[in-house]
Amino acid sequence: MSEMAVSIPMAPETTPESRWVEAVGPRDLREFMKIIEGMGQLRRITASVSWDQEMSTVVYLANREPGEPALMFENVAGYPTPVLWNMLGSSTQRFAAAMGLDPSLTVKDLIQAVRYRLKHRLPPEVVKPENAPVYQNTRTGEAVDLNVFPVPKHWPLDGGRYIGTADAVITRDPEKGHLNAGTYRLMVHDRNHVGLYMSPGKDARLQIERTWKQGRPCEVAAVCGVEPALFMASGLTLPKTESEFDYVGGLKGRPLELVQGKATSLLFPARAEIVLEGIAYPDTYRKEGPFGEFTGYYGRPEDLSPVVEVKALHFRSQPVLTAALMADHWTANECGLLYAVVRSARVWDDLDRLGVPGIQGVYAHPAAAGGFGMTIVSLEQRFPGHAPQVLSLVAQCPGGAYFSKWIVTVDEDVDPTNINEVLWAMATRCKPVEDIDILRNTWSTWLDPSQNPPEKRPYGSKALVNACKEHRNLSVFSPRTRLDRKMYEKVIQRWREYGFDGSAPDILTFEDRQT
């Protein structure tokens, strides 16, 4: 067979389908919970549980397979507040519901939908305080006490209880003035102080450090009962001159409602469940951690992190605390599917902005450290050096540079979301001696357990793996075994007649020639 065989690509262009344009996501977390409960995607646990590792153990054991429901613990011993875990988890249905989309969408569909939504941002709307449910209850001064909430301890060796895991931490850029929202962990020190961990190079860390250099304290707000669209946007690596709030509106298809803070000049979501307002004073640190992280390991050993003094605590009547488990098994790792979709969308859009042609699919595999460790790109090779160019750009583009260790390119006949096909391509098309390059001293994190001693961890490395057919020898590369298109169509029509349930598998590529 020659290399003229026909392939069916993975929809290389973002298609503005009406279902993506017109759909509107839930207004807040409560509306989202109502929607997913109607889908059978929310399980309420009424049995009494402890804040000390019991909830996290249940979440870990209950999520061994993809698509398990969100878990609402309604009876945490000693506390009236319920805790929602596994908000998105590994469920494509809940991910779609967060954007108001058809729950039957596949991972590939969701990546394309997120790409489209991120390009159609909507600025937030500021509402009056009297129209902000988050202000139904406010505590200030001596009345601030974080211990009123069932703050969980996740893992046996965690350094403390973490109120911020499924959260959005809001800071202001000291030069540009825009607001940033990022997901960072918050450990409770006492009734009105939390430790804020941020990896090197992250926006909040840069903004706090620059504010401190000006001799000023930095205002911080933390949303600890967060809606899914804000949680999704807070995990994105966006241009450092833009606010995540605009992207939240794009993801939801409706503006995010914000309200002016009472203890700071910051704005935060008016319909949030729980918000902490506080101040990070210059050069004020306490020991924080360790914490069981997205890698499936404890992060850096206990070390100093900035301290936020909580000046005001706001919460809705009967609030819901949100929590996110980080774990080794991707289906139990809250950031697994989340980053598999949003990181893939961001990397693909970065390649588009750089004018790279022929991209057929991008996938940050969730099993690789929650979507951080490996990025796979499928492309149609159009010129010499095309695949190596893509490898280099994906390794260092804004959407994909942080932490990722393995960048893999495959041809257009390989589905990047199917790890079995990717491994097959690596085993049959990659020559390790020629097709693997290494980048050194790249952007990494204190959370990388492979870097030791821990002081080395902010600096990482990346393997660029070209698992495409050798471009210079495409004409003589061994032909792949492919099904005949007409026979495939005949077989899928008779699939149930053969005694099989469901539908026949989708195939990307066919052989349209016969001997």
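Computed from a prediction, not measured in an experiment: that's the story for all the values here.

**Student:** Can you help me understand the overall build of the chain in this one?
**Tutor:** When helices and strands are counted, the chain shows 13 helices and 22 strands. What you see for the chain is a C-alpha radius of gyration of 24 Å, in line with the 24 Å of a compact globule of 515 residues. Within the chain, buried positions represent 56% of all 515 residues. Of all intrachain contacts in the chain linking residues separated by at least 6 positions in sequence, the fraction that spans at least 24 positions is 73%.

**Student:** Help me understand the pattern of salt bridges in this model?
**Tutor:** Between side chains of opposite charge, a pair can form when the charged atoms approach closely. Enumeration over the complete set of coordinates arrives at 34 salt bridges. Asp349 is paired through a salt bridge with Arg115; the nearest N and O atoms lie 2.8 Å apart. Residue Asp349 is located in helix α9 (residues 335–353), and its partner Arg115 is located in helix α5 (residues 107–118); the two are separated by 234 residues in the primary sequence. Of the two residues, Asp349 and Arg115, neither departs from the other in class, the shared state being buried. Residues Glu380 and Arg382 are paired through a salt bridge, measuring 3.4 Å at the closest nitrogen-oxygen approach. Here Glu380 falls in the partly exposed class, since its relative accessible area comes to 32%. Arg382 gets classed as partly exposed once you look at its relative accessible area, which sits at 47%. What emerges from the salt-bridge pattern is a single network uniting Asp28, Arg30, Arg271, Glu273 and Arg316.

**Student:** Honestly, empty space enclosed by the protein in this entry has me stumped. Any pointers?
**Tutor:** Following the criterion strictly, the structure yields four cavities of 30 Å³ or more and no others. Of the volumes computed, that of the largest cavity is approximately 500 Å³. Among the secondary structure elements, those contributing two or more residues to the lining of the largest cavity are β8 (179–182), α7 (228–234) and α9.

**Student:** Can you help me understand the packing of aromatic side chains in this one?
**Tutor:** Applying the stated rule across the entire model yields 13 aromatic pairs. Note on Phe149 and Phe315: the rings are 5.6 Å apart at their centroids and 90° apart in plane angle, and the pair reads as edge-to-face. Placement of Phe149 in the loop between β5 (137–140) and β6 (162–164) and of Phe315 in strand β16 (residues 303–315) is noted, with a sequence separation of 166 residues between them. Residue class for Phe149 comes out buried when judged on its relative accessible area of 2%.

**Student:** What exactly am I supposed to notice about the sheet that holds strand β3 (residues 83–85) here?
**Tutor:** The strands that make up a sheet pair up through hydrogen bonds in the backbone, lying either parallel or antiparallel. Spatial strand order, β1-β2-β3-β17: four strands in an open sheet with mixed pairing. In this open sheet, the two edge strands, each paired with only one partner strand, are β1 (42–45) and β17 (321–323). Neighbour-to-neighbour, the strand axes of the sheet open up by a mean angle of 25°, direction not taken into account. The pairing of β3 with β17 spans three bridges and is parallel. Across the sheet, Trp85 pairs through a bridge with Ala323, a residue of β17. The strands that helix α2 (residues 29–38) touches are β1, β2 (70–73), β3 and β17; relative to β1, the one it contacts most, it runs at about 100°. Across the sheet, helix α3 (residues 54–62) touches β1, β2 and β3, and the angle it forms with β2 is around 155°.

**Student:** It is not clear to me how the packing of α5 against helix α8 (residues 244–252) should be interpreted in this structure. Could you clarify?
**Tutor:** Helix-helix packing: each pair is described by the crossing angle between the helix axes and the interaxial distance. At a closest axis distance of 8 Å, the pairing of α5 and α8 adopts a crossing angle of 125°. Classified by the angle their axes make, α5 and α8 are oblique. The handedness of the crossing between α5 and α8 is right-handed. Residues Val114, Arg117 and Leu118 of α5 form the contact with α8, whose own contacting residues are Tyr247, Gly250, Leu251 and Lys252. Its residues assigned to classes, the contact of α5 with α8 shows four nonpolar, one polar and two charged.

Quick notes on the rules
Residues numbered from 1 in each chain as written. Predicted model: local features only at pLDDT ≥ 70, side-chain atom pairs only at ≥ 80, totals over all residues. Heavy atoms only, no water. Helix = DSSP H or I, 4+ residues; strand = E, 2+ residues; numbered from the N terminus. Rg over C-alpha atoms; globule rule 2.2 N^0.38 Å. Buried < 20%, exposed > 50% of the residue type's maximum accessible area, 1.4 Å probe, protein only. Contact = heavy atoms within 4.5 Å. Salt bridge = Lys/Arg side-chain N within 4 Å of Asp/Glu carboxyl O. 1 Å grid on protein atoms, 1.4 Å probe; cavity = no way out; pocket = protein on both sides within 12 Å on 5 of 7 lines; lining within 4 Å. Points joined across faces, edges and corners; volume = space filled by probe spheres on them. Phe/Tyr/Trp six-rings, centres within 6.5 Å; stacked < 30°, edge-to-face > 60°. Pairing = 2+ DSSP bridges. Axes fitted to C-alpha atoms, helices over the stretch in contact; angles between N-to-C directions. Parallel < 35°, antiparallel > 145°, perpendicular 65-115°, else oblique. Left-handed = near helix turned anticlockwise from the far one by under 90°. Nonpolar A, V, L, I, M, F, W, Y, C, P; charged D, E, K, R; others polar.

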